[in-house]
Amino acid sequence: MTLRELILFIIVGALILGAGFVQGWNTALLILNMGLISAVMSLGVNLQWGFAGLFNVGVMGFVARGGLATVLVSMPPVAEAWAAGGMRVILGLLVGAGVIAAAVFAWGRLHGRLRGLVVLGVLVAGFFLFRGVYDAGVAAVEAINPATTGYLGGLGLPVLVAWPVGGLLAAGVAWVIGKTALGLRSDYLAIATLGIAEIIIAVLKNEDWLARGVKNVIGLPRPLPYEIDLQNDPGFVESAAGLGLDATTASTLYVKLGYGLLFAAVLIVLLVLAELALKSPWGRMMRAIRDNETAARAMGKDVTGRHLQVFILGSAICGIAGAMMTTLDGQLTPGSYQPLRYTFLIWVMVIVGGSGNNLGAVLGGFLIWFLWVEVEPIGAALVTLITNWGFWFEANILGLHAQADLSAGAGSGSWQAHLQDSVAHLRLPTMGLILLLVLRFSPRGLLPER
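All residue numbers here refer to positions counted from 1 along the written sequence of the relevant chain. Totals for whole chains, interfaces and linings use every residue, but because this is a predicted model, local features are given only for residues with pLDDT of at least 70 and side-chain atom pairs only at 80 or more, for both listing and counting. Water and hydrogen atoms play no part in the side-chain values, which are based on all heavy atoms of the structure.

## Observations regarding the overall build of the protein
No. 1: Counting secondary structure elements, the protein contains 18 helices and two strands.
No. 2: Taken along the three principal axes of its C-alpha coordinates, the protein extends 90 × 60 × 55 Å.
No. 3: Under the scheme applied here, a residue whose accessible area is under 20% of the maximum for its type counts as buried, over 50% as exposed, and between as partly exposed, the area being computed with a 1.4 Å probe on protein chains only. Looking at the 450 residues of the protein, the share that counts as buried comes to 44%.
No. 4: Sequence separation of at least 24 residues holds for 82% of the intrachain contacts in the protein that already meet a minimum separation of 6.
No. 5: Accessible surface, the protein: about 22,100 Å² in total, of which carbon and sulfur atoms supply 70%.
No. 6: Seen as two clouds, the 26 positive and the 24 negative side-chain charges of the protein have centres 16 Å apart. Put simply, DSSP marks the helices as runs of H or I at least four residues long and the strands as runs of E at least two long, and each gets a number from the N terminus on. By definition in these notes, contact holds between two residues if any of their heavy atoms fall within 4.5 Å. The protein chains shown are the only cover counted for residues, whose accessible areas, like all others here, come from Shrake-Rupley with a 1.4 Å probe. Neither His nor the chain ends contribute to the count of charged residues, in which Lys and Arg are positive and Asp and Glu negative. To locate a charge, take atom NZ for lysine, CZ for arginine, CG for aspartate or CD for glutamate.

## Side note on the packing of aromatic side chains
No. 1: Ring geometry is summarised as follows: Phe, Tyr and Trp rings, the Trp one being its six-membered ring, pair when their centres sit within 6.5 Å, and such pairs are stacked at plane angles under 30 degrees, edge-to-face over 60 and tilted between the two. Here the structure, examined in full by the defined rule, presents 12 aromatic pairs.
No. 2: When the centroid spacing of 5.5 Å and the interplanar angle of 70 degrees are considered together, the rings of Trp49 and Trp347 count as edge-to-face. With Trp49 in helix α2 (residues 25-52) and Trp347 in helix α15 (residues 339-353), the pair connects residues that are 298 residues apart, well separated along the chain.
No. 3: On the basis of relative accessible area, Trp49 is assigned to the partly exposed category, the value being 31%.
No. 4: Its relative accessible area of 9% is what places Trp347 among the buried residues.
No. 5: Over the ring of Trp107 we find Arg115; its NZ or CZ atom is 4.0 Å from the centre of that ring. Here, over-ring charges are defined by two tests on the NZ atom of lysine or the CZ atom of arginine: distance to the ring centre within 6 Å, and angle to the ring normal within 35 degrees.

## Description of the pattern of salt bridges
No. 1: Just to be clear on terms, a salt bridge is a Lys or Arg side-chain nitrogen sitting within 4 Å of an Asp or Glu carboxyl oxygen. A complete count under the given rule lists nine salt bridges for this structure.
No. 2: Notably, a salt bridge pairs Glu449 with Arg290, separated by 3.2 Å at the nearest N-O pair. Here Arg290 lies in helix α12 (residues 281-291) and Glu449 lies in the segment after α18 (427-441), a separation of 159 residues in the sequence.
No. 3: Exposure remark for Glu449: the relative accessible area of 17% places this residue in the buried category.
No. 4: Since its relative accessible area comes to 24%, Arg290 is described here as partly exposed.
No. 5: Between Glu293 and Arg297 there is a salt bridge, with its nearest N and O atoms 3.9 Å apart. Taken together, the residues span about one helical turn, with Glu293 and Arg297 both in helix α13 (residues 293-298) at a distance of four residues.

## Considering the nonpolar core
No. 1: Ranked by size, the top nonpolar core spans 105 residues in total, and within it Ile37 and Tyr337 carry the most contacts.
No. 2: No other element matches α2, which puts 13 residues into this core. Nonpolar cores are built from buried Ala, Val, Leu, Ile, Met, Phe, Trp, Tyr and Cys residues. Side-chain atoms within 4.5 Å join them into one set.

## A closer look at the packing of α15 against α18
No. 1: Convention adopted: a line fitted to C-alpha atoms gives each axis, helices being fitted over their contacting stretch, and angles between N-to-C directions are expressed from 0 to 180 degrees. Direction vectors running N to C along α15 and α18 enclose 25 degrees, while the axes themselves pass 10 Å from each other. Put simply, α15 runs roughly parallel to α18. Of the two possible hands of crossing, α15 and α18 adopt the one that is left-handed. Counted together, Leu340, Phe344, Leu345, Val348, Ile351 and Val352 of α15 and Leu428, Met431, Ile434, Leu435, Val438 and Leu439 of α18 form the full contact between these two elements.
No. 2: Three categories are distinguished: nonpolar for Ala, Val, Leu, Ile, Met, Phe, Trp, Tyr, Cys and Pro, charged for Asp, Glu, Lys and Arg, and polar for the others, with Gly belonging to the last. Of the residues belonging to the contact of α15 with α18, the class tally is 12 nonpolar, no polar and no charged. Note on angle classes: values under 35 degrees are labelled roughly parallel, values over 145 roughly antiparallel, values of 65 to 115 roughly perpendicular, and the remainder oblique. Crossing chirality is assigned from the near helix's rotation relative to the far helix, an anticlockwise turn below a right angle marking it left-handed and a clockwise turn marking it right-handed.

## Considerations on unusual backbone geometry
No. 1: In this structure, Arg212 takes a positive phi of about 65 degrees despite not being glycine.
No. 2: Relative to the elements of secondary structure, Arg212 occurs in the loop between α8 (208-211) and β1 (217-218).
No. 3: Residue Asn216 is not a glycine yet carries a positive backbone phi of 70 degrees.
No. 4: Position of Asn216 relative to the elements: it lies in the loop between α8 and β1.

## Details of the confidence of the model for the protein
No. 1: Each residue carries a pLDDT value, the predictor's own confidence for that position, ranging from 0 to 100. Scored by pLDDT, the protein has a mean of 88; 93% of the residues are at 70 or more.
No. 2: Counted against residues more than four places away or in other chains, residues 402-412, with its pLDDT under 50, gives six contacts.

## A closer look at the environment of Leu382
No. 1: Structurally, Leu382 is set in helix α16 (residues 358-396).
No. 2: C-alpha of Leu382 to C-alpha of Leu155: the two residues are 227 residues apart in sequence and 50 Å apart in space.

## Focus on the side chain of Asn56
No. 1: Tracing the backbone through its elements, the reader meets Asn56 in the loop between α2 and α3 (59-74).
No. 2: The class of Asn56 is buried, set by a relative accessible area of 0%.
No. 3: Here a polar contact is recorded for every N or O atom pair within 3.5 Å, except that within protein the pair must consist of a potential hydrogen donor and a potential acceptor, and residues adjacent in sequence are included only if both atoms are side-chain atoms. Within the local environment of Asn56, its side chain forms a polar contact with the side chain of Gln48, the two groups lying 3.0 Å apart.
No. 4: Asn56 has contacts with Gln48, Phe62, Thr193, Phe311, Ser315 and Trp347, leaving out every residue within four places of it along the chain.

## Details of the environment of Phe236
No. 1: By secondary structure assignment, the location of Phe236 is in helix α10 (residues 234-242).
No. 2: Judged by its relative accessible area of 14%, Phe236 is buried.
No. 3: Separated by 142 residues in sequence, Phe236 and Leu94 have C-alpha atoms that sit 50 Å apart.
No. 4: Sequence-distant contacts of Phe236, that is, excluding residues within four places in its chain, are made with Leu230, Ala247, Ala250, Ser251 and Tyr254.

## As for helix α6 (residues 162-181)
No. 1: The terminal C-alpha atoms of α6, which comprises 20 residues, lie 28 Å apart, in line with the 28 Å expected from a rise of 1.5 Å per residue.
No. 2: Taken as a whole, α6 has its buried residues at Ala162, Trp163, Gly166, Gly167, Ala170, Ala171, Val173, Ala174, Ile177, Gly178 and Ala181.
No. 3: Buried-residue contacts for α6 involve α3, α7 (186-206), α11 (247-279) and α14 (303-329). Helix span is expected to be 1.5 Å times the residue number reduced by one.

What follows is the structure, given as structure tokens:
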């Protein structure tokens with residue numbers, strides 16, 4: 001680690017510590033935990049963009065696949081739903097996959113006009129067969145106590161198992177996208193990733209049998225004890241009292257710190273692997289392909305195949321991060337997956353930190369998440385300061401005082417109220433301003449690629 005990198009990481013660490021002293025350590029640990037998850041996401045995007053120049057704007061979809069994995073792996077199965085129609089749903093999905101496979105087989109084996117007619121016939125007949133089997137099973141499953149379940153549940157395994165499974169689910173989607181769009185121009189890849197991400201979110205919202213849709217899945221198992229259990233443990237209460245903390249505060253800090261250690265371990269492992277990949281012959285080849293695809297093809301390199309590899313790896317990392325985030329939240333809420341947060345913000349982290357530099361991606365993850373969280377309270381404090389000064393100026397310099405017509409918006413007070421109402425909207429212009437400043441004064445990011 002260079003001196004510049006060390007100084008920047010110390011500055012970001014000092015900002016988080018400052019939040020702890022000013023706003024409380026619960027807030028600081030929450031920023032730290034989400035910063036670790038954001039760093040993992042930006043590391044995955046940096047693998048795709050920084051190593052290979054692949055423009056992925058469907059980060060949200062891969063993160064959502066990781067979140068879905070926590071439900072499918074950790075939640076207990078709903079026995080009544082499985083008995084009512086679970087096997088029929090699975091059979092319907094197998095029929096759908098079989099229809100697609102038959103259509104692909106026919107397309108590859110037949111030729112001419114007959115090929116189009118056979119494929120069309122297979123797809124039309126298969127569609128009605130699929131819906132006939134699948135719809136009845138879905139209706140039966142979703143009718144089982146929809147207020148609390150109405151879905152199949154999961155495998156009932158430890159939630160930590162869901163993290164690598166989330167990576168595998170995201171990698172599977174990335175393989176489908178890559179086989180479809182990686183041979184095209186970069187703008188087609190961007191459109192494909194964005195479109196499939198929206199499809200994934202639409203499926204999560206509407207297929208209640210899978211993960212309750214917009215009803216959300218709450219009460220996900222945790223890798224750490226619940227705060228209430230710690231508060232009822234005499235040994236923990238005694239240890240907290242020895243540190244001068246009450247049991248409630250100590251339990252929340254203990255749990256958040258535990259999550260931080262788990263997330264930090266994952267980030268460190270992924271960062272080490274990414275650095276080893278970057279410095280390996282494979283990493284040098286990826287950067288050579290990124291810089292000049294034509295020359296790489298002339299030297300016999302399989303450009304599309306290598307792009308598929310790195311695209312799958314980066315997407316898998318985003319899936320792991322999505323599973324970690326859902327575990328931290330303790331619930332899956334498909335309605336919260338917004339492109340603004342899970343695509344735009346991650347790209348800002350990569351660009352500000354330094355595209356092509358793994359440590360830069362991690363730094364950008366921490367810094368941008370800290371600013372995203374703290375812009376609103378900092379803005380509120382500044383607005384309060386400005387409005388207090390404005391009231392003092394009007395009262396002491398202009399001689400104005402509170403009058404009855406203020407309720408109609410006239411005279412003193414209207415502009416102060418407008419500023420206070422605008423605090424919640426400061427995040428987006430702040431992110432844009434930071435991005436413009438970095439691109440102007442450090443176009444390659446705070447930690448440029450070596």
